[in-house]
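# Notes for the structure review
Take a look at the letters that make up each chain.
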Amino acid sequence: MNEMIFEAKDLSRSFAVGSSALRDLANHFLRDRPPTVLRAVDNVSLTLREGETLGVVGESGCGKSTLARMIAGILPASSGERHFRGESYASFLARKRDALKVQMVFQDPLSSLNPRLRVGEIVGEAAVLHGLVPRSKVKDYVVDILSRVGLPADSIGRYPHQFSGGQRQRIGIARALAVKPDMLICDEAVAALDVSVQAQIINLLMDIKRDSGLSMIFISHDLGVIRHLCDRVAVMYLGRVVELAATAELFSSPTHPYTRMLLDGMPKISLQRRKFMPIQGEIPSPLNPPSGCHFHPRCPIATERCSRIRPELREIAPGHVHACLNVEEQ
Amino acid sequence: MTEPFFQVDGLNTWFFTRQGVVKSVRDISFDLRRGEVLGIVGESGSGKSVTGMSIMGQIDDPGRIVSGSIALDGEELTAFTFEEMRRYRGRKIAMVFQNPLMTLNPLMRVRDQMYEAISEHEDISRKEMHDRCIEVLKAVGIPSPEERLDAYPHEMSGGMRQRVVIATALLLGPDMIIADEPTTALDVTIQAQIIYHIRRQIDERGLGMIWISHDLSTLSELADRILVMYAGAMMEIGTTEDIIGSPRHPYTRKLLDSVPSRNTPGERLRQIPGNMPSLLSLAKGCPFASRCERATEVCSEPVPATELSATHRIWCYHPFEG
């Protein structure tokens, strides 16, 4: 098995909601209202091996984007550990940020690309700063990367708004590749794209992975895309990982009730009209998650203890873990 | 099968911009029966939303319906004045958009917004208004509708807001609803719930519905018939069985083939090469020809409709065999 490139141990991130100087002052005097804390990511442990693609799937508010930002090193963790090639993020972030070979591709390329910079600058800037290429040779360097992502050389002098959505996402990918990352984090990178453009970008990511052996963490709400791209999948619900397994196994024999519900709800191209009653209930607010197992109010097999006990992740088959008190085996 | 109550015939909606004429919708014709869901599928720039806006009479300058007819129960909608159309909207045709926050007023309680929608068109007592609101809120699966009536939009989740918008669309008992990507921004489990309730309302109330979406998976589970649009033109129309089960147009096939779930996991997806042509500089032939592997010289000529069956029509010189 390949070596470990990334490891997260009990990673958590909380946000104080609605905190402001005025509120803090009021709290100081009134003392009756502790600040509301949102636990966006709650004790998540993950590993990623060289060349592997790990999918993280979940609905709104499950914490997948917060997790992505922590793994990318652009958001501090509240607690827990992150390791890149066995070394703690703390040491990278303190002294040698560019040795942390992690890059990120975002959902909306228009808001993640500086509209006032030309593509040449957007893609080349970081490579020059990281000392990967001297400023005098940056043009050739950028043209080479642009051709890898399927953009013509003359893109270099144009601005992001002059491109279509799919092309902009290519620019976002080119920018990430420019600093020669070992690990790429894609946060809903194809969610905003049309089906045919989405297919082009997915193929591009697969080509890059095949050619350079890049490790990838692919965050998405789209199970179809996850199934296609990923080797393993983690399913998140309200900040916690509820199931993690190899992709084929997760899709063929999901064990956690939430994963099953997610797979059932996934629209499929079929000639069968959907007749059955879907599972009821809203996704609870992450501000005030249910006690015990967060999923218990919507769960068809919940019992009384599910509202009291927080289920820990446990292995139910080799490489297949889930957090459910009631499902014992597949 | 019942007779269609709604027809669009030869619709052309163009935008006269400084860069030139953008022919967003060209020669679109279809009809709709009561109790039927017609799905319109296409990618960005296919003209699917402009088709919906044209029906609603909401094409603003520099856009204009250049030609064509839109008729509901024999009444010609394109002949209406602005004021006539305003009174018609909501009462006969309602529209639901992707983002409920654009439709809902953030400063008004749900009750006041729904009451306003009724009192614009009808003069009934508050009690009657209240009862009708509760009835439609229940119909779209909103738990404890009484409480929701007093809520503001920001106090509800995205899925709940979209249900309120759909309930409001049902308020005046319209003949048809046009929904433009109504569940695209919602989570899968919530989307499944909303689709379930909408389908039930369509069947129970005998509504006609046009469901505009880029997502063939959702349409395959919900729609009775599907219209495939590309670059402003019709490519193929038929029953869901026709379109999903035996697609004949190369574009429909390619679109279906590029959906990840129709490919072997881990292998390259069967993608469509190239990009959609600019709507500013369309040739008279098939707009898909430049990306189509079956294209020949004849494809640069205007493409007539071919009737494959009573339900299945296609615009292509080189269709696949059935």
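Residues numbered from 1 in each chain as written. Chains lettered and ligands numbered in written order. Predicted model: local features only at pLDDT ≥ 70, side-chain atom pairs only at ≥ 80, totals over all residues.

### Structural notes on the overall build of chain A
Within chain A one finds 11 helices and 12 strands. Taking 330 residues into account, the globule formula puts the C-alpha radius of gyration at 20 Å, and chain A, at 21 Å, falls close to it. If you line up chain A on its principal axes, its C-alpha atoms span 70 × 65 × 40 Å. A burial count over chain A gives 43% of its 330 residues as buried. Counting contacts in chain A only where the partners sit at least 6 residues apart, residues at least 24 apart contribute 66% of the total. (Helix = DSSP H or I, 4+ residues; strand = E, 2+ residues; numbered from the N terminus. Rg over C-alpha atoms; globule rule 2.2 N^0.38 Å. Buried ≥ 20, exposed ≤ 12 C-beta atoms within 10 Å, placed from the backbone. Contact = placed C-beta atoms within 7 Å.)

### As for the domain arrangement of chain B
Residue and element names in this part refer to chain B. Each domain of chain B was delimited in the assignment, giving domain 1 (1–92 + 178–262 + 279–322) and domain 2 (100–173). Taking only C-alpha atoms into account, the centre of domain 1 sits 29 Å from that of domain 2. Contacts between domain 1 and domain 2 engage 11 residues on the former and 13 residues on the latter. The class makeup of the residues in the side of domain 1 that touches domain 2 is six nonpolar, four polar and one charged. (Domains from an automatic or database assignment. Nonpolar A, V, L, I, M, F, W, Y, C, P; charged D, E, K, R; others polar.)

### Some words on the domain arrangement of chain A
Residues and elements named next belong to chain A. Partitioning chain A into domains gives domain 1 (4–101 + 204–322) and domain 2 (102–180). For domain 1 versus domain 2, the distance between C-alpha centres works out to 29 Å. On the side of domain 2, nine residues touch domain 1, which itself brings nine residues to the contact.

### So, the environment of Asp144(A)
Its place among the elements puts Asp144(A) in helix H6 (residues 138–148). It is 60 Å that separates the C-alpha atoms of Asp144(A) and Phe29(A), two residues lying 115 residues apart in sequence.

### Quick look at the sheet that holds strand S3 (residues 37–41) of chain B
Residue and element names in this part refer to chain B. Taken in spatial order, the eight strands line up as S6-S7-S8-S3-S9-S10-S12-S11 in an open sheet, and their pairing is mixed. Each edge of the open sheet is held by one strand with a lone partner, namely strand S6 (93–96) and strand S11 (306–307). Relative to strand S8 (residues 208–213), strand S7 (residues 176–180) runs parallel, the two sharing five bridges. Considered in S8, the bridge of Ala179 is made with Trp211. (Pairing = 2+ DSSP bridges.)

### Side note on the sheet that holds strand S4 (residues 79–84) of chain A
Residue and element names in this part refer to chain A. Strands sit in the order S2-S1-S4-S5 across an open sheet of four strands; the sheet is antiparallel. On the outer flanks of this sheet lie strand S2 (36–49) and strand S5 (87–88), each paired with one strand and no other. Relative to S5, S4 runs antiparallel, the two sharing two bridges. Bridging across to S5, Phe84 finds its partner in Glu87.

### Description of the interface of chain A and chain B
At the interface, 33 residues of chain A touch 37 residues of chain B. Counting only elements with at least two residues in the side of chain A that touches chain B, the list comes to helix H8 (195–212), helix H9 (223–229) and helix H11 (257–265) of chain A. Top contributing element to the side of chain A that touches chain B by residue count: H8(A), with seven residues.

### Notes on unusual backbone geometry
Residues and elements named next belong to chain B. Cis geometry marks the peptide bond from Asp61 to Pro62, where omega comes out at 5°. Note on placement: Pro62 falls in the loop between helix H1 (48–55) and strand S4 (63–72). With a phi angle near 55°, Asp27 is a residue other than glycine that sits in the positive phi range. As for its position among the elements, Asp27 is in strand S2 (residues 20–32).

### Considerations on the confidence of the model for chain B
Taken over all residues, the pLDDT of chain B has a mean of 94, while the share at 70 or more is 100%. Both scores are given for the predicted complex: the pTM is 0.88, the ipTM 0.83. (pLDDT = per-residue confidence, 0-100.)

### Section: H8(A)
Its 18 residues give H8(A) an end-to-end C-alpha distance of 26 Å, which sits within 8% of 26 Å, the value for a rise of 1.5 Å per residue. By the burial criterion, the buried members of H8(A) are Val195(A), Ser196(A), Val197(A), Gln198(A), Ala199(A), Gln200(A), Ile201(A), Ile202(A), Leu204(A) and Leu205(A). Residues of H8(A) that are buried sit in contact with helix H7 (165–177) and H9 of chain A together with helix H11 (250–257) of chain B. Backbone geometry just downstream of H8(A) places Gly213(A) in the positive-phi region, at approximately 65°. (Expected span 1.5 Å × (residues − 1).)

### Remarks on the packing of helix H4 (residues 110–119) of chain B against helix H5 (residues 126–139) of chain B
Residue and element names in this part refer to chain B. At a closest axis distance of 10 Å, the pairing of H4 and H5 adopts a crossing angle of 110°. What the angle tells us is that H4 and H5 run roughly perpendicular. Crossing of H4 over H5 shows right-handed handedness. Here Arg111, Met114, Tyr115 and Ile118 of H4 come into contact with H5, specifically with Met129, Arg132 and Cys133. Within the contact of H4 with H5, the residues separate by chemical class into five nonpolar, no polar and two charged. (Axes fitted to C-alpha atoms, helices over the stretch in contact; angles between N-to-C directions. Parallel < 35°, antiparallel > 145°, perpendicular 65-115°, else oblique. Left-handed = near helix turned anticlockwise from the far one by under 90°.)

### Overview of the nonpolar core
Judged by nonpolar contacts, the single largest core of 173 residues is most densely connected at Ala174(A), Ile185(A), Ile217(A) and Val235(A). Ala174(A) has contacts with Val123(A), Ile145(A), Leu146(A), Val149(A) and Leu151(A), leaving out every residue within four places of it along the chain. (Core = buried A, V, L, I, M, F, W, Y, C linked by C-beta atoms within 7 Å.)

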